[in-house]
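Results of the structural survey
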Amino acid sequence: MAGAVAIALTMPIRLGLDLRGGTQIVLETKSTATTEADREATDRTVEVLRGRIDALGVAEPSIVRSGDNRVVVELPGVQDPKKAADVLGRTAQLTVHSVLGPAEAPGNSAGNDAGNPSGTDAGPVLPDESGQFLRLKAATLTGQDVKGADARFDQQGGAGWHVTVDFEDAGSDRWAEVTGEAACHPAGDPQRRVAIVLDNKIISSPQVDPSVACGAGIAGGSTQITGSFDDAEARELALLIKGGALPVPVETIEQRTIGATLGDEAISAGAWAAVIGTALTGLFIIVVYRLMGVLATVALLCYGVISYAALAAIGATLTLPGLAGFVLAIGMAVDANVLVFERAREEQAARTRPSTRSSLTAGFRSAFSAIADSNITTLIAAALLFFLASGPVKGFGVTLGIGVLASMVSALVITRVLAESAASRPSVFRRPHLTGISTTGPVRDALLRRDPFLMRRPRRWLAACAVVLVAAGSGILVRGLDFGIEFTGGRLIEYSTAAQVDADRARDTLADAGFPRAVVQSSGAGDLTVRTEKLTNAEAETVTKAIAELGGETEKVRDELIGPSLGAELRKDALIALGLALAAQLTYLAVRFRLLFGTAAVGALAHDVVILVGVFAWLGKPIDGVFLAALLTVIGYSVNDSVVLFDRIRELLAGKDRKTPFARLTNQAILQTLPRTVNTGMGAVLILASLAFLADDSLTDFALALLIGVGVGTYSSVFTASPLAIEMYDRGSGSRPARRKGRTTESKVPASRTERQEVS
C-alpha cells in the first residue's frame with residue numbers, strides 16, 4: 001500500500017482525449033503502383049508525420065503505428081480537425097514546372113487541347129493563384145531535390161513573409177536550368193513564370209526576376225517563394241515542404257474531436273459518480289455486515305488507490321469508458337467481500353462454540369474458488385475488449401482488467417488482514433454480534449425456514465424465460481437496431497447552442513443546405529446532435545454555420561468521423577468478440593466444472609444477450625462501441641452468479657448430500673447463495689445508478705445497459721441456468737420418470753462412506 005500511495009502521489013495519470021479535449025485521427029496508408037503500404041512504408045510515414053506534428057507546436061502529441069498500415073495520431077487541445085487532417089493527410093508532392101503558356105479550363109474543348117499538347121514534355125493544366133489556368137511542362141524538380149524550407153519575415157525590404165527553399169546539389173543545377181530557360185522570355189510573358197506545385201495545386205508561380213540572365217538562371221542552391229502570405233500561411237507552407245513527402249498516400253478513416261469543456265464535465269461527473277457510488281455501496285455493506293462492512297469499505301478505498309497507482313505505473317491512458325470501468329470494478333470488489341462474509345456466516349452457524357476468526361478463515365478458504373472463477377470470467381471479457389475494441393473502449397478493457405485484479409487483492413489480502421486482526425481482539429470476541437457474521441441474516445433465515453422448492457417444475461421456469469426472451473427479442477425484428485457510426489461509418493457532430501434549437505427545424509434547415517439525409521436529435525437545453533452518412537470537413541463547416549444561424553453562439557463539443565471500411569471492420573470485430581466471449585466462457589466453465597454446467601451457463605448468457613439487445617432496440621438506443629463494452633461486461637459479470645451457484649452445487653455433490661435428487665440439491669444451492677446474489681446485486685445497482693444519473697450522456701446508456709444486464713443476469717442464473725442444468729442432468733441420467741413419480745432418488749449415486757460402514 002505504501003508503494004501504491006507513493007506512485008499515486010508522484011505519477012500523474014495520462015488522460016485520454018475524451019477527458020482532456022483534443023483531436024484523434026486514424027490514418028490508413030494506401031498502396032500505389034510503385035510502393036506497397038507495408039509495415040516499413042507505414043513506419044516511414046510515421047516519421048514524416050511526426051515532423052509535421054512537431055512543427056505544429058502541439059503539446060504532448062502522440063503518434064503510433066497500429067497494425068501494418070494504420071497510424072493513430074492524438075493531438076491534445078487541437079479543436080480544429082479540418083486543419084489537422086489537412087496538414088497530416090497531404091502527401092506533400094512538391095514539383096517545379098516550366099510554364100508553356102495560358103490555357104482554357106479543362107472542362108472546355110479548347111482547354112483539353114491546350115492541356116494535352118503534342119510532345120513528350122506535356123504537363124498538367126492547373127489554375128494559378130488568381131484562378132488563371134496555365135499549361136505546364138512536365139516536372140523538372142520534385143520534393144526529393146529539396147533540402148529544407150523556412151518561413152522568414154523580410155524586415156528590411158518590406159516584402160513581408162516569404163519562404164526560403166534550399167535545394168540539394170542536383171536540385172540546385174536543375175533549378176538554375178528551369179529559371180534560366182524562363183528568363184529567355186520577355187517580362188510579362190506567362191512563359192517567364194515558374195510554377196511551384198504542391199499536391200497538384202499551384203501555390204506560387206512567380207516571374208523570374210529581370211536581373212536573371214537568359215540561360216544563366218538562379219544559382220546558389222536557394223530561392224525565395226514570395227506572395228501574399230501571412231505568418232501562419234508561410235509557416236504551414238514551409239512545414240509541408242520541409243516535412244517531406246509521404247512515402248505512400250494516406251486516408252483518414254477515423255476522426256474524433258472532443259471539446260475541452262466536455263472533457264472537464266466528464267471528469268467531474270465521473271468523479272462524483274465514483275464518490276457517491278462508493279459511499280452508497282459502503283453504507284449498504286456496513287448496514288448488512290456491521291464491523292466487517294466497515295473494514296470492507298476501508299479495503300474498497302485501498303482498492304481505489306491500488307487501481308489508480310497501477311494505471312499510472314504502466315502508463316495507461318484513462319478514457320471516459322475507462323473511468324466507468326474503474327467505478328464498475330468497485331462493485332466487483334464488493335462481490336468478493338460479500339462471498340467471503342456469507343460463507344463465514346454459514347461456518348459460524350454450523351460450528352459448535354465457534355470463534356469469529358475461525359469462521360472468517362474458513363469463509364476465505366471456501367469462497368476462494370468462486371471468487372477466482374468469477375473474476376477470471378470477467379478478465380476474459382476485459383481481454384476481448386482490449387484486443388478487439390478500438391478507441392476509448394479499448395481503455396475500458398484495460399481499466400476493467402486492472403480493476404478486477406486490484407479488487408481481488410483488496411478482498412483476499414487487505415480485507416482478510418483487517419478482518420482477522422479485528423476478530424482477534426478481546427472486545428470483539430466478547431461481542432460477536434458486532435462483527436455482522438454471527439448470524440446468517442434475515443434473508444437466509446426466512447428462506448431456510450420456508451424452504452420453498454423453486455425447482456419443482458423447471459420446465460415452467462424455462463417457458464417463462466422463453467416468453468420474456470421472445471418479448472424482448474422481437475424488438476430486434478420490429479424496431480430494428482440503431483447502429484452507431486462506429487459500425488455504419490459516417491460522421492456525428494454534437495453542438496452546444498446559446499438558444500435551444502428545435503430538431504425538426506434544424507433538420508429542415510440542413511435539408512435546404514444540401515443534407516437531406518442528416519439525422520438530427522436534441523438532448524437537453526441547447527444540445528444538438530447531427531449525424532450523417534458521409535461528410536467532408538468543408539461540408540461540416542457548412543453544417544456548423546447552418547446550426548449557428550438557428551441557435552446563435554454555437555460550440556462544437558464533439559466531432560466523430562468513421563470511414564465505411566473501418567465501420568465494416570468494427571462490425572465484424574464486434575461479432576467476433578461476442579462469439580469468442582460465449583465460447584471462452586463455455587470452455588472455461590466446462591474445464592472448471594463440467595460440460596453440463598458450462599452449457600447451462602452459456603445458454604443463460606445467450607438469453608441475457610438477446611434480452612439486452614432487444615430492450616435497446618425497443619428503446620431506440622444506439623448500438624455502438626460503448627454498448628459493445630457494456631454487453632461484454634454483462635457477459636463477464638452476469639456469469640458470476642451462475643459460477644457461484646454451480647460452485648455450491650459442485651460442493652454439495654461432493655459432500656454429504658450426494659444422494660439428494662439433483663433438482664432438490666440445485667434448489668438447496670439456490671437458497672444458500674441467494675443472499676449473496678441479492679447483496680452483490682444491490683452493490684452493483686448502487687454503483688451503476690450513480691453512473692446513470694451523474695455521468696456523461698454517453699455513459700448513461702452504458703450504465704442503463706449494465707443495469708438491465710445485472711437484473712436479467714441475476715434472475716437468469718436462478719431461473720434459466722438452473723432449470724437448464726436440471727433438464728440436461730435428467731436427460732443424461734434418464735431419471736425424469738422417477739422424479740415425476742415423486743421418488744426420493746432420481747439418479748443412482750453410490751452410497752456414501754458412512755452408509756457403507758457396518759457393525760459386526
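Residues numbered from 1 in each chain as written. Predicted model: local features only at pLDDT ≥ 70, side-chain atom pairs only at ≥ 80, totals over all residues. Heavy atoms only, no water.

1. Observations regarding the packing of helix 18 (residues 564-592) against helix 19 (residues 595-619)
For clarity, the threshold we go by: Note on geometry: axes are C-alpha line fits, over the in-contact stretch for helices, and angles between N-to-C directions span 0 to 180 degrees. What counts as a helix is a DSSP run of H or I of at least four residues, what counts as a strand is a run of E of at least two, and both are numbered from the N terminus. Geometric relationships in this document are graded by angle, where less than 35 degrees denotes roughly parallel, more than 145 denotes roughly antiparallel, 65 to 115 denotes roughly perpendicular, and other angles denote oblique. The crossing is said to be left-handed when, going from far helix to near helix, the turn is anticlockwise and less than a right angle, and right-handed when the turn is clockwise. Residue contacts are defined here by distance: any two heavy atoms, one from each residue, within 4.5 Å place the two residues in contact. Residue polarity is assigned by list, with Asp, Glu, Lys and Arg as charged and Ala, Val, Leu, Ile, Met, Phe, Trp, Tyr, Cys and Pro as nonpolar; anything else, Gly included, falls into the polar class.
For the pair helix 18 and helix 19, the least separation of the axes is 7 Å and the interaxial angle reads 155°. The orientation of helix 18 relative to helix 19 falls into the category roughly antiparallel. Relative to helix 19, the crossing made by helix 18 is right-handed. Here Leu-578, Leu-582, Gln-585, Leu-586, Leu-589 and Ala-590 of helix 18 lie close against helix 19, whose contacting residues are Leu-595, Gly-598, Thr-599, Ala-601, Val-602, Leu-605, Ala-606 and Val-609. Tallied by class, the residues present in the contact of helix 18 with helix 19 amount to 11 nonpolar, 3 polar and no charged.

2. Observations regarding the packing of aromatic side chains
What counts, and what does not: Two rings belonging to Phe, Tyr or Trp (six-membered ring only in the last case) form a pair when the distance between their centres is within 6.5 Å. Interplanar angles under 30 degrees mark stacking, angles over 60 mark edge-to-face geometry, and anything in between is tilted. Classification of residues uses two cut-offs on accessible area relative to the type maximum, computed with a 1.4 Å probe and protein chains only: under 20% is buried, over 50% is exposed, and between them is partly exposed. Charge-over-ring placement is defined geometrically: NZ (Lys) or CZ (Arg) within 6 Å of the ring centre, and within 35 degrees of the ring normal.
Applying the stated rule across the entire model yields 8 aromatic pairs. On the basis of an interplanar angle of 20° and a centroid distance of 6.5 Å, the ring pair of Phe-597 and Phe-662 is categorised as stacked. Here Phe-597 is found in helix 19, whereas its partner Phe-662 is found in helix 21 (residues 662-694), with 65 residues between them in sequence. Phe-662 sits in the buried class, given a relative accessible area of 1%. A connected cluster of aromatic rings, assembled from ring pairs, spans Phe-597, Phe-646, Phe-662 and Tyr-729. The ring of Phe-453 carries the charged tip of Arg-664 above its face, separated from the ring centre by 3.8 Å.

3. Some remarks on the packing of helix 9 (residues 320-350) against helix 10 (residues 356-388)
At their nearest, the axes of helix 9 and helix 10 sit 7 Å apart, and the two run at 140° to each other. Overall, the two elements helix 9 and helix 10 adopt an arrangement that is oblique. You can see that helix 9 and helix 10 cross each other, and the crossing is right-handed. Residue-level inspection shows Met-332, Ala-336, Leu-339, Val-340, Phe-341, Arg-343, Ala-344, Glu-347 and Gln-348 of helix 9 in contact with helix 10, the latter providing Thr-356, Ser-359, Leu-360, Ala-362, Gly-363, Phe-364, Ser-366, Ala-367, Ala-370, Ile-371 and Thr-378. A class-by-class count of the residues in the contact of helix 9 with helix 10 yields 12 nonpolar, 6 polar and 2 charged.

4. Some points on the side chain of Asn-375
Rules: Here a polar contact means two N or O atoms within 3.5 Å. Within protein one must be a hydrogen donor candidate and the other an acceptor candidate, and residues neighboring in sequence count only if both atoms are side-chain atoms.
Assignment of secondary structure puts Asn-375 in helix 10. Only 2.7 Å separates the side chain of Asn-375 from the backbone oxygen of Ile-371, close enough to count as a polar contact. Asn-375 has contacts with Val-404, Ser-407 and Met-408, leaving out every residue within four places of it along the chain.

5. A look at the sheet that holds strand 2 (residues 22-29)
How we decide: Strands were regarded as paired on the criterion that DSSP finds at least two bridges between them.
Pairing within the open sheet is antiparallel, and its 8 strands lie in the order 3-4-2-14-20-17-19-18. The open sheet has two edge strands with one neighbour each: strand 3 (62-66) and strand 18 (519-522). For this sheet the average axis-to-axis angle between neighbouring strands, irrespective of direction, equals 20°. In this structure, strand 17 (residues 490-497) lies alongside strand 20 (residues 554-562), joined through 8 bridges in antiparallel fashion. Bridging from a neighbouring strand, Ser-496 pairs with Glu-555 of strand 20. Across the sheet, helix 16 (residues 503-512) lies against strand 18 and strand 19 (527-532), angled at about 155° from strand 18, the strand it touches most.

6. Structural notes on unusual backbone geometry
Trans peptide bonds make up most of the peptide bonds, and negative phi angles are found at most residues other than glycine. A positive phi angle, near 55°, is found at Arg-290, a position not held by glycine. Accessibility expressed as a relative area gives 44% for Arg-290, which makes it partly exposed. For Asp-451, which is not glycine, the phi dihedral falls at a positive 50°. Along the chain, Asp-451 falls in the loop between helix 13 (442-450) and helix 14 (458-478). According to the relative accessible area criterion, Asp-451 is partly exposed, its value standing at 42%.

7. What about the state of the cysteines?
Note the cut-off: Criterion for a disulfide: a pair of cysteine sulfur atoms at a distance within 2.5 Å.
In total, this model carries 1 disulfide according to the counting rule given. Disulfide pairing places Cys-184 opposite Cys-214 at an S-S distance of 1.8 Å. The disulfide joining Cys-184 to Cys-214 has a torsion of about 85° about its S-S bond and is therefore right-handed. Remark: Cys-214 occurs in the loop between strand 12 (202-204) and strand 13 (222-229) and Cys-184 occurs in the loop between helix 6 (169-182) and strand 11 (194-198); sequence separation between them is 30 residues. Residue class for Cys-184 comes out partly exposed when judged on its relative accessible area of 41%.

8. Brief notes about the confidence of the model for the protein chain
Here is the rule we go by: For every residue, the predictor reports its confidence as pLDDT, a number between 0 and 100.
Here the protein chain averages 79 in pLDDT, while 87% of its residues score no lower than 70. When pLDDT is averaged over each element of the protein chain, helix 14 comes out on top at 93 and helix 24 (residues 753-756) at the bottom at 35. pLDDT under 50 marks residues 109-120. Its contacts with residues more than four places away, or in other chains, come to 12 contacts. Across residues 734-760, where pLDDT falls below 50, the model places 28 contacts with residues more than four positions away in sequence or in other chains.

9. Let's talk about the sheet that holds strand 9 (residues 146-154)
Strand order in the open sheet formed by 3 strands is 9-10-13, and the pairing between neighbours is antiparallel. Strand pairing shows two members of the sheet lacking a second neighbour, strand 9 and strand 13, which therefore form its edges. Neighbour to neighbour, the strand axes of the sheet diverge by 25° on average, direction disregarded. The pairing of strand 10 (residues 160-167) with strand 13 spans 6 bridges and is antiparallel. Of the residues in strand 13, the one forming a bridge with Trp-161 is Phe-229. Across the face of the sheet, helix 6 comes into contact with strand 10 and strand 13 while running at roughly 115° to strand 10.

10. Looking at the pairing of strand 2
Counting buried positions over the 8 residues of strand 2 gives 8, a clear majority of the element. Of the two faces of strand 2, the one holding Gly-22, Gln-24, Val-26 and Glu-28 and the one holding Thr-23, Ile-25, Leu-27 and Thr-29 are both buried throughout. Looking at chain direction, strand 2 and strand 4 (residues 70-76) are connected through 7 bridges and run antiparallel. Residue pairing in the sheet places Ile-25 in a bridge with Val-73 of strand 4. Pairing of strand 2 with strand 14 (residues 250-258), which is carried by 8 bridges, proceeds in the antiparallel orientation. In the sheet register, Leu-27 faces strand 14, and the bridge partner there is Thr-252.

11. Observations regarding the nonpolar core
The following threshold applies: The criterion is simple. A nonpolar core is a set of buried Ala, Val, Leu, Ile, Met, Phe, Trp, Tyr and Cys residues joined through side-chain atoms within 4.5 Å.
Ranked by size, the top nonpolar core spans 131 residues in total, and within it Phe-597, Phe-646, Ile-649 and Phe-702 carry the most contacts. Counting residues per element, this core draws most heavily on helix 20 (residues 625-654), which supplies 18 residues. Beyond its immediate sequence surroundings of up to four residues, Phe-597 is in contact with Phe-646, Ile-649, Leu-653, Phe-662 and Ala-725. With 24 residues, the next largest nonpolar core counts Ala-149, Val-163, Val-165 and Ala-183 among its residues.

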